[in-house]
Amino acid sequence: MYKTKAYSAVSAASPLGFTSIPRRDPNERDVQIEILFCGICHSDIHQVRNEWSSVMPTVYPIVPGHEIVGRVTKVGAAVTKFNSGDLAAVGCLVDSDGTCPQCEADLEQFCPNQTLTFNSPDKHLGGVTYGGYSDGIVVDERFVLRVPANLDPAGAAPLLCAGITTYSPMRHWGVTKGTKVGVVGLGGLGHMGVKLAHAFGAHVTVFTTSLGKQEDALRLGADEVVVSRNTDEMQKHAGSFDFILDTVSAVHDINAYIDLLRRDGNITLVGAPEQPLGVSSFALIMGRRNLSGSNIGGIAETQEMLDFCGKHNITADVEVIPIQKVNEAYERLLKSDVKYRFSIDMASLRSE
């Protein structure tokens, strides 16, 4: 075991601050990574502030961060896929049982015995796992990913959550060239959805409450923008979409978007409003439409996503910050004051 620098919170009401945490020495199957950049995900805030206490109560101190890109510094004797100096990534998972039907289907994100990158029982050191707001991390090779060399590491970090969260449902529901895709919301998830759908060759429509986002939506790859509060504009698209990705985390009228689906069309929720959404049964029944949800993706699919992004030169739009500004970034994120993700430069941590 060794110590490494990190930022943690010691209670739901406390800010994140400098600390040191234990990491295990690499075993024969482990990869040790010096973290270069870590994205800030909205779920980091939820867990730091214990807002998901009914589902996954926070154990303090907590070191968040599951959008990790770094440089391999050491590998175990049995590691075959990585060498020292490689650019590597770690996402939301660092372990699973490997034997359940979900794992055998490369769907580790649904494994009942998964280990999350942070705030999950740590079977090696006890306590809970610590995430990417730290100098380094040690992870089983099975859960380490390769980062295409052409991608900017700062912009690649959010791909490990925002990227795979939007890529996975589009792959599952068959988005391809010529598919008519809608993206609801143009934030951290939505802007990735637009970029990926465009790269798949889809016709992409962004739904937003603000016409002020039109220019940015088109820059990101949208073909058109619809102001969702304009009933006439919405009606023009009734019954025409193959797939809609709903990224909104606030309570909203889901039926307005279900009505836009063609027969057998699908709308997938990746945003998670705190309150239940009221769904019209008839809106689904009359068109044999599908309403679904999607988590992240398995390790194989996450690697596929990274390779796809490498091929199409896709990264998140990021604002790079030093770790010392993380608490300010949390407050700005809650106000949607970022385009479109924060990425922490971990070199700033090493200066402490």
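Residues numbered from 1 in each chain as written. Predicted model: local features only at pLDDT ≥ 70, side-chain atom pairs only at ≥ 80, totals over all residues. Heavy atoms only, no water.

Asks: Please explain the pairing of strand β13 (residues 241–246) as it appears in this structure.
Replies: Both faces of the sheet carry side chains from a regular strand, because those side chains alternate between them. Of all six residues that make up β13, five are buried, and the element is covered over most of its length. As paired elements, strand β10 (residues 180–184) and β13 share four bridges and run parallel to each other. Pairing of Val 181 across the sheet is with Phe 243, part of β13. (Buried < 20%, exposed > 50% of the residue type's maximum accessible area, 1.4 Å probe, protein only. Helix = DSSP H or I, 4+ residues; strand = E, 2+ residues; numbered from the N terminus. Pairing = 2+ DSSP bridges.)

Asks: Looking at this model, I keep getting lost on the packing of helix α5 (residues 188–200) against helix α10 (residues 299–312). Mind explaining?
Replies: What describes two packed helices is the angle between their axes and the distance between those same axes. Interaxial distance between α5 and α10 falls to 11 Å at its minimum, and their mutual angle equals 75 degrees. Judged by the angle between their axes, α5 and α10 are roughly perpendicular. Residues Leu 196, Ala 199 and Phe 200 of α5 lie in contact with α10, whose contacting residues are Phe 308, Cys 309 and His 312. A breakdown of the residues in the contact of α5 with α10 according to their chemical character gives five nonpolar, one polar and no charged. (Axes fitted to C-alpha atoms, helices over the stretch in contact; angles between N-to-C directions. Parallel < 35°, antiparallel > 145°, perpendicular 65-115°, else oblique. Contact = heavy atoms within 4.5 Å. Nonpolar A, V, L, I, M, F, W, Y, C, P; charged D, E, K, R; others polar.)

Asks: What is the right way to look at the packing of helix α4 (residues 162–172) against α10 in this model?
Replies: It is the contact of α4 with α10, at a shortest axis distance of 10 Å, that shows an interaxial angle of 100 degrees. What the angle tells us is that α4 and α10 run roughly perpendicular. Along the contact surface, α4 presents Gly 163, Ile 164, Tyr 167, Ser 168 and Arg 171, while α10 presents Glu 301, Thr 302, Glu 304, Met 305 and Phe 308. Taken together, the residues of the contact of α4 with α10 break down into four nonpolar, three polar and three charged.

Asks: Explain the pairing of β10 to me, please; I cannot follow it from the model alone.
Replies: Most of β10 is tucked away, with five of its five residues classed as buried. Side chains Lys 180, Gly 182 and Val 184 of β10 all project onto a buried face; the interleaved residues Val 181 and Val 183 project onto the opposite face, where all are buried too. Both β10 and strand β11 (residues 203–208) contribute to a ladder of five bridges, which runs parallel. Opposite Lys 180, over in β11, you have His 203 as the bridge partner. Of the crossover connections in this fold, the one passing from β10 over α5 to the parallel β11 is right-handed. (Right-handed = clockwise from strand over helix to strand, strands pointing away.)

Asks: Help me out: how do you make sense of the nonpolar core in this one?
Replies: Grouped burial of nonpolar side chains is what soluble globular proteins tend to show. In terms of nonpolar packing, the biggest core is built from 91 residues, with Ile 40 and Tyr 133 touching the most fellow members. For this core, the element with the most residues is strand β3 (residues 30–40), which contributes seven residues. By size, the runner-up hydrophobic cluster in this structure holds 15 residues, among which are Val 184, Val 226, Ile 267 and Ala 283. (Core = buried A, V, L, I, M, F, W, Y, C linked by side-chain atoms within 4.5 Å.)

Asks: Hey, could you run me through a nonpolar patch on the surface in this one?
Replies: Taken together, Phe 282, Ile 285 and Met 286 make up a surface patch of nonpolar side chains, about 410 Å² in accessible area. With respect to the helices and strands, the residue Phe 282 is situated in helix α9 (residues 281–285). (Patch = residues over 30% accessible without salt bridge, like charges linked within 9 Å, V, L, I, M, F, W, Y side chains within 5 Å. Areas by Shrake-Rupley, 256 points an atom, 1.4 Å probe, with all protein chains shown as cover. Salt bridge = Lys/Arg side-chain N within 4 Å of Asp/Glu carboxyl O.)

Asks: How should the side chain of Thr 129 be read in this particular structure?
Replies: Note that Thr 129 resides in the loop between β7 (115–116) and β8 (136–140). Given a relative accessible area of 8%, Thr 129 falls into the buried group. Within the structure, the side chain of Thr 129 is placed 2.9 Å from the backbone oxygen of Leu 116, a separation counted as a polar contact. In contact with Thr 129, not counting residues within four places along its chain, are Thr 115, Leu 116, Thr 117, Phe 118, Asn 119, Ser 120, Pro 121 and Asp 122. (Polar contact = N/O pair within 3.5 Å; in protein donor to acceptor, adjacent residues only side chain to side chain.)

Asks: In this structure, what is going on with the sheet that holds β10? I would like to understand it.
Replies: One key point about sheets: their strands pair by backbone hydrogen bonds, in either a parallel or an antiparallel sense. Spatial ordering of the open sheet is given by β12-β11-β10-β13-β14-β15, a layout of six strands whose pairing is parallel. Because the sheet does not close on itself, it has two edges, and the strands there are β12 (224–227) and β15 (290–293). On average, adjacent strands in this sheet sit at an angle of 20 degrees to one another, irrespective of strand direction.

Asks: Even after reading the chapter, I still don't get the pattern of salt bridges, so can you show me in this structure?
Replies: Two side chains bearing opposite charge may form a pair once their charged atoms approach each other closely. Applying the stated criterion across every chain, the model contains 19 salt bridges. Notably, a salt bridge pairs Asp 140 with Arg 142, separated by 3.4 Å at the nearest N-O pair. For Asp 140, a relative accessible area of 7% corresponds to the buried category. By relative accessible area, Arg 142 is classed as partly exposed at 36%. Between Asp 216 and Arg 219 there is a salt bridge, and its shortest N-O distance comes to 2.8 Å. Highlighted residues: Asp 216 and Arg 219, both in helix α6 (residues 214–220), separated by three residues, approximately one helical turn. Using a relative accessible area of 13% as the deciding quantity, one classes Asp 216 as buried.

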